[in-house]
Amino acid sequence: MSSATLSAPAPAGRVPVTLRLASCLERKAWISLGVFLALSLVAVPVLHLLVPPESAFHVSAYAITLIGKIMCYALVAVAMDLIWGYGGILSLGHGLFFALGGYAFGMYLMRGIGRDGSYGSDLPDFMVFLDWKELPWFWLGTDSFGWVALLVLAVPALVAFVFGYFAFRSRIKGVYFSIITQALTYAAMLLFFRNETGFGGNNGFTDFKRILGYDITAPATRVVLFGLTALVLAATLVGSAWLVKSKFGRVLAAIRDAESRVMFIGYNPLGYKLAIWVLSAVLCGIAGALYVPQVGIINPGEMSPANSIEIAIWVAVGGRASLIGPVIGAFTVNLAKSWFTVSFPEYWLFFLGLLFIVVTLYLPQGLVGLWKQLLARKGGTA
Amino acid sequence: MNTLVEERKQEWEGETQGLAHMLKPGELDLSHGVILYLEDISVSFDGFKALNKLNLAINTGELRCIIGPNGAGKTTMMDVITGKTRPDSGTAFFGQTLDLTRMSEPQIAHAGIGRKFQKPTVFEQLSAFENLELAMKTDKGVWASLLARLSREQGDKIAATLERIRLDKEADRPAGLLSHGQKQWLEIGMLLMQEPRLLLLDEPVAGMTDDETMRTAELFVSLAGQHSLVVVEHDMAFVEALGGKVTVLCEGSVLAEGDLATVQADPRVIEVYLGR
């Protein structure tokens, strides 16, 4: 009798992949995702390209760039949530992976300038300025989109793998891990500041002209990049939902809550941590590659420790261990930032600090948790 | 020539003759009827000798109780067996061939040693069902977990274990919301899902009601034979209900060994327990 009352997940035979993927999000989440894609792939292009600028419905280039940029940040926040919210590992160096992806794609954009630079040389301007005569070896092949796309994925993955392997194998955890990641991104920033490193020193890369032969500032190009970012963000959300609902996700949550127990039932946490860590870094790399052509600049400032801390704040504000939380957090904080830095630029950091304290003290589940609490209260009184 | 060797091999694999038998690397060898040997194990922490030339042998299918005053080295002994602590000297073998002092914690768990901790540690955010699912004996690599789907057979096995530990009605509750006794049972269930050959149970009935304690004793007695069990416990009523051989540890080594009545009559044991 008792085994019949047990509500085990139906252990069926073979279920088509499409159905399995469909079941990883709730109906409401699929609808929201559909609305989001319809807005960013249809409504925004139409309102930007076809509606005249005088109209009240025109979406300005500024708005598209701003929202596109924040979508890249949201992608980073989701990546951060995978490792922090679900894996319990707080990285304060995720800005590094974002910047690596950005720099990798920036190399392609720099080569795309061709002879249209200030010096009219085949070499990027900063190399002419440094009196370099030929491309350094690591710039070879960067005029090929395919090779650079591979670098965007491979460089953050490799850095994350090597660092993660040694850190996790040595069982470095908690605040020690956070501090080391912070030092890592700081060291990388100092390295990239040097002109000799070969990435444009403190100016980084800018003045991009074209991408795949198209004018990078053209409205159509901007709309395509915007739509692509929205697609990648949506795909990442679906993929992450599938991941955290898989047995892998449950093992990850178990490692977060009681790591030694996980080892005693025969799992080696190293592989699990490394997998989610590398995946998280690669997602940041992709976000960086989408960010650079939209914003038009990448410099070592992206690797500054404060940037990486801000990523953690987005996730904390939105709500950890819920996938929509980081997206909401990234949008809330960054929209507030773009308003503050125009209206009261000197108070932004104070506000950010205050926000972090309030969230830590009163909203441990972030805005998503607050929303759930309000819903529960409403349901309770009704 | 070669065919002769092949023939001989098949002969050997069919039946062992005398003490000679084929060994497969990494597999538990119980040919001598002993599942765990600890010989002259010493462990010291900053000069404090937690274990002092400890000798212990557990037979296959045996139910053994370990008792002893606080600081006798019971938990350290479990740490050595499960690979959490490396001994300073001595040997620890699982069966005839597996050297526990050279294996990592997950390797030891895979080889067939399951451990229940003093404080129940279950995965609080996961449901009772999911706790058992994670513990289940299966491929525990990253890829396997990514693509894992529960088969009907595995689902039934989890359901059967839930019934055995009387948590079938709590299958979907987060483990963090279970009572203390239920958490203890859930952890025992997680051990059983691993199908271990040897179970190490550190104070399994701590915090349980008398009724729960007796039901736990029944469960353990029913497990003996099929599994080997090493139970560390202070509760004498529980030890009596288990009815197996008892080993008394004191200051890191074995003080006495035998059935409960014999051990309790031993003047040295009385000295240790009453002298403090």
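Just so it is clear, the structure is predicted and the values come from calculations on it, not from any experiment. (Residues numbered from 1 in each chain as written. Chains lettered and ligands numbered in written order. Predicted model: local features only at pLDDT ≥ 70, side-chain atom pairs only at ≥ 80, totals over all residues. Heavy atoms only, no water.)

## A short note on the overall build of chain B
Within chain B, the secondary structure is distributed over 11 helices and 10 strands. Nonlocal contacts in chain B, meaning residues at least 24 apart in sequence, comprise 67% of its contacts between residues at least 6 apart. With an accessible surface of roughly 13,300 Å², chain B has 49% of that area assigned to carbon and sulfur atoms. (Helix = DSSP H or I, 4+ residues; strand = E, 2+ residues; numbered from the N terminus. Contact = heavy atoms within 4.5 Å. Areas by Shrake-Rupley, 256 points an atom, 1.4 Å probe, with all protein chains shown as cover.)

## Digging into helix α4 (residues 61–86) of chain A
Residues and elements named next belong to chain A. Across its 26 residues, α4 extends 36 Å between first and last C-alpha, which sits within 8% of the 38 Å expected from 1.5 Å per residue. Across the 26 residues of α4, 20 count as buried, placing the element largely inside the fold. Following α4 by one or two positions, Gly88 has its phi on the positive side, about 70°. (Expected span 1.5 Å × (residues − 1). Buried < 20%, exposed > 50% of the residue type's maximum accessible area, 1.4 Å probe, protein only.)

## Topic: the environment of Glu163 of chain B
Residues and elements named next belong to chain B. With respect to the helices and strands, the residue Glu163 is situated in helix α6 (residues 152–164). Take Glu163: its relative accessible area is 37%, and that puts it in the partly exposed class. Taking C-alpha positions, Glu163 is 9.6 Å from Gly189, a pair spaced 26 residues apart along the chain.

## Overview of the interface of chain B and chain A
With 39 residues of chain B at the interface, the matching set in chain A holds 36 residues. Each partner contributes to the roughly 3,400 Å² buried at the junction of chain B and chain A, and carbon and sulfur atoms together form 63% of this total. Run the count over chain B and chain A and you get 3 salt bridges. One can count 11 residue pairs in polar contact (both at pLDDT 80 or more) joining chain B with chain A. Secondary structure elements with two or more residues in the side of chain B that touches chain A: α3 (105–111), α4 (128–135), α5 (142–147), α6 and α7 (180–193) of chain B. Looking at the side of chain B that touches chain A element by element, the count peaks at 5 residues for α4 of chain B. Considered class by class, the residues forming the side of chain B that touches chain A number 16 nonpolar, 9 polar and 14 charged. (Buried area = accessible area lost by both parts, 1.4 Å probe. Salt bridge = Lys/Arg side-chain N within 4 Å of Asp/Glu carboxyl O. Polar contact = N/O pair within 3.5 Å; in protein donor to acceptor, adjacent residues only side chain to side chain. Nonpolar A, V, L, I, M, F, W, Y, C, P; charged D, E, K, R; others polar.)

## Overview of the layout of surface pockets
Residue and element names in this part refer to chain A. The calculated volume of the largest pocket comes to roughly 1,700 Å³. Lining the largest pocket we find 47 residues, and of these Ser322, Leu323, Ile324, Val368 and Lys372 sit closest to its centre. Ranked by the residues each element gives to the lining of the largest pocket, the list is headed by helix α16 (residues 366–381), at 9 residues. Counted by class, the lining of the largest pocket contains 29 nonpolar, 9 polar and 9 charged residues. (1 Å grid on protein atoms, 1.4 Å probe; cavity = no way out; pocket = protein on both sides within 12 Å on 5 of 7 lines; lining within 4 Å. Points joined across faces, edges and corners; volume = space filled by probe spheres on them.)

## With respect to helix α12 (residues 269–295) of chain A
All names here are of chain A. Compared with an ideal rise of 1.5 Å per residue, which puts 27 residues at 39 Å, α12 spans 38 Å between its outermost C-alpha atoms and is within 8% of the ideal. Counting buried positions along α12 yields 22 of 27 residues, so the element is predominantly enclosed. Immediately downstream of α12, the backbone of Gly296 shows phi near 85°, a positive value.

## Considering the side chain of Arg115 of chain B
Structurally, the position occupied by Arg115 of chain B is in strand β6 (residues 113–116). On the basis of relative accessibility, which here comes to 2%, the residue Arg115 of chain B falls in the buried class. A polar atom in the side chain of Arg115 of chain B sits 2.7 Å from the side chain of Asp79 of chain B. Within the structure, Arg115 of chain B has its side chain in polar contact with the side chain of Thr82 of chain B (distance 3.2 Å). Residues contacting Arg115 of chain B, with those up to four places away along its chain left out, are Arg261 and Phe264 of chain A together with Thr75, Met78, Asp79, Thr82, Lys84, Glu187, Leu191, Leu200 and Asp202 of chain B.

## Notes on the pattern of salt bridges
Scanning the model with the defined rule gives 23 salt bridges over all chains in all. Residue Lys173 of chain A pairs with Glu259 of chain A through a salt bridge whose shortest N-O separation is 3.6 Å. Of the two residues, Lys173 of chain A sits in the loop between α7 (145–169) and α8 (174–193) while Glu259 of chain A sits in helix α11 (residues 259–264), which places them 86 residues apart along the sequence. Salt-bridge contacts for Arg64 of chain B lead to Glu62 of chain B; the nearest nitrogen and oxygen are separated by 2.7 Å. Arg64 of chain B sits in the buried class, given a relative accessible area of 1%. What makes Glu62 of chain B buried here is its relative accessible area of 13%.

## Considering the packing of aromatic side chains
Counted under the stated rule, the structure contains 35 aromatic pairs over all chains. Taking 5.2 Å as the distance between ring centres and 85° as the angle between the ring planes, the aromatic pair formed by Trp137 of chain A and Phe138 of chain A counts as edge-to-face. Residue classification places Trp137 of chain A among the exposed residues on the basis of a relative accessible area of 68%. Aromatic side chains Phe199 of chain A and Phe205 of chain A sit 6.3 Å apart centroid to centroid with 50° between the ring planes, which places their arrangement in the tilted category. For Phe199 of chain A, a relative accessible area of 13% corresponds to the buried category. Grouped by ring-pair contacts, the aromatic residues Tyr103, Phe126, Trp137, Phe138, Trp139, Phe192, Phe199 and Phe205 of chain A constitute a single cluster. Cation over ring: Arg320 of chain A sits above Trp84 of chain A, and NZ or CZ is 4.5 Å from the ring centre. Positioned above the aromatic ring of Phe264 of chain A, the side-chain terminus of Arg115 of chain B is 5.8 Å from the ring centre. (Phe/Tyr/Trp six-rings, centres within 6.5 Å; stacked < 30°, edge-to-face > 60°. Lys NZ or Arg CZ within 6 Å of the ring centre and 35° of its normal.)

## Observations regarding the sheet that holds strand β2 (residues 48–59) of chain B
Residues and elements named next belong to chain B. Spatial strand order, β2-β1-β4-β5: 4 strands in an open sheet with antiparallel pairing. Of all the strands in the sheet, just β2 and β5 (98–99) have a single pairing partner and so form its edges. Bridge analysis of strand β1 (residues 34–45) against β2 gives 8 bridges, and the strand direction is antiparallel. Across the sheet, residue Val43 finds its bridge partner in β2, namely Leu51. Relative to the sheet, helix α2 (residues 74–81) contacts β1 and β2, its axis offset from that of β1 by approximately 115°. (Pairing = 2+ DSSP bridges. Axes fitted to C-alpha atoms, helices over the stretch in contact; angles between N-to-C directions.)

## Examining the pairing of strand β10 (residues 253–258) of chain B
All names here are of chain B. As paired strands, strand β9 (residues 245–250) and β10 are joined by 5 bridges and run antiparallel to one another. Considered in β10, the bridge of Val246 is made with Gly258. The loop that links β9 with its antiparallel partner β10 comprises 2 residues; one of these, Glu251, has a positive phi angle of about 50°.

## Quick word on the packing of α4 of chain A against α12 of chain A
Residue and element names in this part refer to chain A. Contact geometry for α4 and α12: axes closest at 8 Å, N-to-C directions at 175°. Comparing the axis directions of α4 and α12 gives the class roughly antiparallel. Taken together, the residues of the contact of α4 with α12 break down into 18 nonpolar, 4 polar and 2 charged. (Parallel < 35°, antiparallel > 145°, perpendicular 65-115°, else oblique.)

## Re a nonpolar patch on the surface
Residue and element names in this part refer to chain A. Taken together, Leu41, Val42, Val46, Leu49, Leu50, Leu228 and Leu231 make up a surface patch of nonpolar side chains, about 600 Å² in accessible area. Only α3 (27–49) and α9 (219–245) provide two or more residues apiece to the nonpolar patch. With 4 residues, α3 is the single largest residue contributor to the nonpolar patch. The residue Val42 is located in helix α3 in this model. (Patch = residues over 30% accessible without salt bridge, like charges linked within 9 Å, V, L, I, M, F, W, Y side chains within 5 Å.)

## With respect to the sheet that holds β10 of chain B
Backbone-to-backbone hydrogen bonds join strands into a sheet, with any given pair of strands oriented parallel or antiparallel. Residue and element names in this part refer to chain B. Reading across the sheet, the 6 strands line up as β6-β7-β8-β3-β9-β10 and stay open at both edges, with mixed pairing between neighbours. Bordering the open sheet on either side are β6 and β10, each of which pairs with just one other strand. Each strand axis lies, on average, 20° off the axis of its neighbour in the sheet, ignoring direction. Pairing between strand β3 (residues 63–67) and strand β8 (residues 228–232): 4 bridges, direction parallel.

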